[in-house]
Amino acid sequence: MVPVGRPGLRGFLGLAADLEEFEDGLLSEIHETEKGEIDIFTAVSPSGQSIRVRLGRDHFDDKLERLQSFWMQAVLARPETQYDWVDLRYDGQVVTRVRA
C-alpha cells in the first residue's frame with residue numbers, strides 16, 4: 001500500500017464507503033490534477049460518452065449529490081446532448097459546456 005499524500009484525493013477517497021451505490025451506477029474513473037483537484041469521469045451516458053466532471057478539492061459529498069441530480073435531470077432527460085465537461089467546483093452551481 002502507498003499512502004495518499006494530497007488532501008484532495010484523501011478527502012475524496014474518505015467517502016468511498018458512502019459511494020458504493022453512486023459509483024456502481026455513475027462513477028467510472030478518479031483523477032487528481034497537478035493542482036491537487038479531483039476530476040472524475042462518469043460511466044457512459046445515453047449519448048455514448050463518458051463525461052469529465054471537475055470537483056475541486058472539497059465538499060465532495062455535496063458535489064456528488066449535485067452531479068446525481070444533474071445526471072437525472074439533464075443527461076438522462078436529454079440523451080442526444082453531449083457534454084465536453086461538467087464543473088461543480090462552485091457552490092450551488094453546475095457549469096457545463098455542451099458539445100457543438
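The numbers attached to residues start from 1 for each chain and follow its sequence in the written order. Where local features are concerned, this predicted model is filtered to residues with pLDDT of at least 70; where side-chain atom pairs are given and counted, the filter is 80 or more; whole-chain, interface and lining totals use all residues. Each side-chain value is worked out from all heavy atoms of the structure, with water and hydrogens disregarded.

**A look at the nonpolar core**
1) Next: We define the nonpolar core as a collection of buried residues of types Ala, Val, Leu, Ile, Met, Phe, Trp, Tyr and Cys that are connected through side-chain atoms lying within 4.5 Å of one another. Three exposure classes are used, based on accessible area relative to the maximum for each residue type with a 1.4 Å probe and protein chains only: buried under 20%, partly exposed in between, and exposed over 50%. One finds I40, V53, L55 and L67 to be the most contacted residues of the largest nonpolar core, which totals 17 residues.
2) Next: Secondary-structure elements contributing two or more residues to this core are β2 (38–42), β3 (52–56), α3 (60–75) and β4 (83–87).
3) Next: When residues of this core are assigned to their parent elements, the largest contribution, 7 residues, is made by α3. Working definition: helices are DSSP H or I runs of at least four residues, strands are E runs of at least two. Numbering for both runs from the N terminus.

**Quick notes on the side chain of K63**
1) Next: One can find K63 in helix α3.
2) Next: Any pair of N or O atoms that falls within 3.5 Å is considered a polar contact. Within protein, one atom must be able to donate a hydrogen and the other to accept it, and sequence-neighbouring residues count only if both atoms are side-chain atoms. From its side chain, K63 meets the backbone oxygen of L55 in a polar contact 2.5 Å long.
3) Next: Of note is the side chain of K63, whose polar atom sits 3.0 Å from the backbone oxygen of D58.
4) Next: Any two residues whose heavy atoms approach within 4.5 Å are treated as being in contact. Setting aside its immediate chain neighbours within four residues, K63 contacts L55, G56, R57, D58, L88 and R89.

**Digging into unusual backbone geometry**
1) Next: In this structure, H59 takes a positive phi of about 55° despite not being glycine.
2) Next: Tracing the sequence through the fold places H59 in the loop between β3 and α3.
3) Next: Using a relative accessible area of 46% as the deciding quantity, one classes H59 as partly exposed.

**A word on the packing of aromatic side chains**
1) Next: Aromatic contacts are taken between Phe, Tyr and Trp rings whose centres are within 6.5 Å, Trp giving its six-membered ring; a plane angle under 30 degrees counts as stacked, one over 60 as edge-to-face, and the others as tilted. Overall, the coordinates contain 1 aromatic pair when judged by the stated rule.
2) Next: Judged by centre distance (5.3 Å) and plane angle (70°), the rings of F70 and Y83 are edge-to-face. Taken as a pair, F70 in helix α3 and Y83 in strand β4 lie far apart in primary sequence, 13 residues in all.
3) Next: Judged by relative accessible area, which is 13%, F70 ranks as buried.
4) Next: With relative accessibility at 4%, the residue Y83 sits in the buried group.

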